[in-house]
Amino acid sequence: MKVSLTVNGQQHDADVEPRTLLVYFLREQLGLKGTNVGCDTSSCGSCTVLVDGESVKSCTVLAVQADGSEVTTIEGLAAGGELHPVQQAFHEQHALQCGFCTPGFVMAAVSLLQENPSPSEDEIRMGLEGNLCRCTGYENIVRAVKSAAGAGP
Amino acid sequence: MIPPAFDYARAGSVGEAIELLGREDAKLLAGGHSLIPLLRMRFARPSLLVDIGRLDDLRYVRDEGDAVAIGALTRHADLVRDPVIAQQCILVAQAAGEVGDPQVRHRGTVGGSIVHADPASDLPAVMLTLDAVLVAEGPAGERRISAEDFFTGPFDCALGPQELLRELRVPKIESGVYLKHVRRAQDWATVAVAAARVGDGVNVGLAGMGATPLRARATEQALADGAAPADAAALAAEGTDPPSDISGSAEYRSHLARVLTRQALERL
């Protein structure tokens, strides 16, 4: 089936099988491998991207469902060689160890801050409940989101 | 895990969706957050997916005087932030905010969650608690089903093979409390309790306590007879048939139902 998506500002017309999950379309058809596949069961949040500005788990969305949408992946955040404020904050607050969950956490945090620009610590923790980190990096992740929100650690 | 192959059709209207559902083994796709996991696990193998996700005329919340009408394609995140829901039926917003996680709430629809009819799910229990009226549409036209008659078994509901859920009609309530016990964030309820003041009475519903969402009838009756909340809550597990599984034994679930019911009634 023919689909047309805008991914990181660039339009892509492609032919996909109806069963193609958005994450595999991004990774394998577009070569955007920053979005990771973790649990493959909508639990871990590693595959989080923005569809029309809102965080979604791209392992639980069919590419055909995203037809006509604007998709933003981790590759689309940095502009003109400058890291996005959330990426910069993750870097500064050491909000990662192995880094596998990081693209998903960053995208979930970007979506959270769009909906709630000054979240409390509780709101940050609840807002990131859809993402799992197995290196126990939650403290620094929360600190990074706080810092990106301008609240300071 | 990649789902098995299926055909895909995008419905441009409710009528077209109903027509497409006439094909053998066709299934509706809305937000996909119950169905896509089932496809990946091969628990569902439809030949055709009828995508109704773009029927935006089914995405609304309306104050209709004596009731609040919710379009079936309204997303969980819409319900959490909707001003009419916040003012007239807060229980729905509380439960919608407990579904999955933010990513799931951005995509998942209230209608999809209800039709999926998971006995541990949040919104089916709330619909039952509120005595909601579910508006279905099929080839023979529209029909209204009470929540009481809607949930017929685990993951089963009263919709016919060619029917779709259009709208949920919930009463305006004075107050409501939804309490959910989970083993980990974003999980389904081990047990959840919904309590609401509906009209002159108090309704109490349970998730995770049987094959379908259930009402805590003994608790409701005790309250109607003037029992104190703690005494009425002690009856919350009566007439239920909770499962024993990895999340807890039947005995533990019964305990949770009593404790959560007491807490919900005390806050109501």
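Cut-offs and rules
- Residues numbered from 1 in each chain as written.
- Chains lettered and ligands numbered in written order.
- Predicted model: local features only at pLDDT ≥ 70, side-chain atom pairs only at ≥ 80, totals over all residues.
- Helix = DSSP H or I, 4+ residues; strand = E, 2+ residues; numbered from the N terminus.
- Rg over C-alpha atoms; globule rule 2.2 N^0.38 Å.
- Buried ≥ 20, exposed ≤ 12 C-beta atoms within 10 Å, placed from the backbone.
- Contact = placed C-beta atoms within 7 Å.
- Core = buried A, V, L, I, M, F, W, Y, C linked by C-beta atoms within 7 Å.
- Pairing = 2+ DSSP bridges.
- Axes fitted to C-alpha atoms, helices over the stretch in contact; angles between N-to-C directions.
- Domains from an automatic or database assignment.
- Nonpolar A, V, L, I, M, F, W, Y, C, P; charged D, E, K, R; others polar.
- Right-handed = clockwise from strand over helix to strand, strands pointing away.

Caption draft 1: Spatial organisation of the overall build of chain B. Scanning chain B for helices and strands turns up 12 helices and 14 strands. Relative to a compact globule of 268 residues, whose C-alpha radius of gyration would be 18 Å, chain B shows 18 Å and is just as compact. Here the C-alpha coordinates of chain B stretch approximately 55 × 45 × 30 Å along the principal axes. Looking at chain B as a whole, 54% of its 268 residues qualify as buried. Nonlocal contacts in chain B, meaning residues at least 24 apart in sequence, comprise 61% of its contacts between residues at least 6 apart.

Caption draft 2: View of the overall build of chain A. Within chain A, the secondary structure is distributed over 5 helices and 5 strands. N-terminal to C-terminal, the α/β element order of chain A is β-β-α-β-β-β-α-α-α-α. Here the C-alpha atoms of chain A give a radius of gyration of 15 Å, agreeing with the 15 Å that 2.2 N^0.38 yields for 153 residues. Overall size of chain A, expressed as C-alpha extent along the three principal axes, is 50 × 30 × 25 Å. Burial status across chain A gives 51% buried among its 153 residues. At a minimum sequence separation of 6, the contacts of chain A that also span at least 24 residues come to 58%.

Caption draft 3: Expanded view of the nonpolar core. Judged by nonpolar contacts, the single largest core of 130 residues is most densely connected at A109 of chain A together with V92, V126, V191, V193 and A194 of chain B. When neighbours within four sequence positions are excluded, A109 of chain A is seen to be in contact with V86, L128, V145 and A148 of chain A.

Caption draft 4: Spotlight on the sheet that holds strand β12 (residues 191–198) of chain B. All names here are of chain B. The antiparallel open sheet is built from 4 strands, whose spatial order is β11-β12-β13-β14. Each of the sheet's edge strands pairs with one partner strand only, and the pair in question is β11 (176–181) and β14 (214–215). Judged from the 6 bridges that link them, β11 and β12 form a sheet pairing that is antiparallel. Counterpart to V177 in the pairing with β12 is A195. In the packing of helix α10 (residues 217–224) onto the sheet, the strands contacted are β13 (201–207) and β14, and the crossing angle to β13 comes to about 165 degrees.

Caption draft 5: Examining the domain arrangement of chain B more closely. Once the domains are mapped, chain B shows domain 1 (7–51), domain 2 (56–171) and domain 3 (176–267). Centre-to-centre, using C-alpha coordinates, domain 1 of chain B lies 34 Å away from domain 3 of chain B.

Caption draft 6: Looking closely at the interface of chain A and chain B. Chain A puts 25 residues into the contact, and the matching count from chain B is 23 residues. Put simply, the parts of the chain that give the side of chain A that touches chain B at least two residues each are β4 (54–57) and α3 (102–115) of chain A. Looking at the side of chain A that touches chain B, the element that brings in the most residues is β4 of chain A, giving 4 residues. For the side of chain A that touches chain B, the class distribution of residues is 9 nonpolar, 10 polar and 6 charged.

Caption draft 7: Main features of unusual backbone geometry. Residues and elements named next belong to chain A. Positive phi is not limited to glycine here, since N8 has a value of about 50 degrees. Examined against the element boundaries, N8 turns out to sit in the loop between β1 (2–7) and β2 (10–15). One non-glycine residue, D52, adopts positive backbone phi at about 50 degrees. Overall, the presence of 13 C-beta atoms within 10 Å leaves D52 in the partly exposed class.

Caption draft 8: Structural view of the domain arrangement of chain A. All names here are of chain A. Looking at chain A, the domain boundaries give domain 1 (2–75) and domain 2 (85–148). Summarising the inter-unit geometry, the C-alpha centres of domain 1 and domain 2 are found 21 Å apart. With 16 residues of domain 1 at the interface, the matching set in domain 2 holds 13 residues. If you list the elements that add at least two residues to the side of domain 1 that touches domain 2, you get β3 (48–51) and β4. Considering each element in turn, the side of domain 1 that touches domain 2 owes the most residues, 3 residues, to β3. Class assignment for the residues of the side of domain 1 that touches domain 2 results in 5 nonpolar, 10 polar and 1 charged.

Caption draft 9: Looking closely at the pairing of strand β2 (residues 26–29) of chain B. All names here are of chain B. Where β2 and strand β3 (residues 48–51) come together, 4 bridges link them in parallel fashion. Each bridged residue has a counterpart across the sheet, and for L29 the counterpart in β3 is D51. The handedness of the β2 to β3 crossover, carried by helix α2 (residues 35–40), is right-handed.

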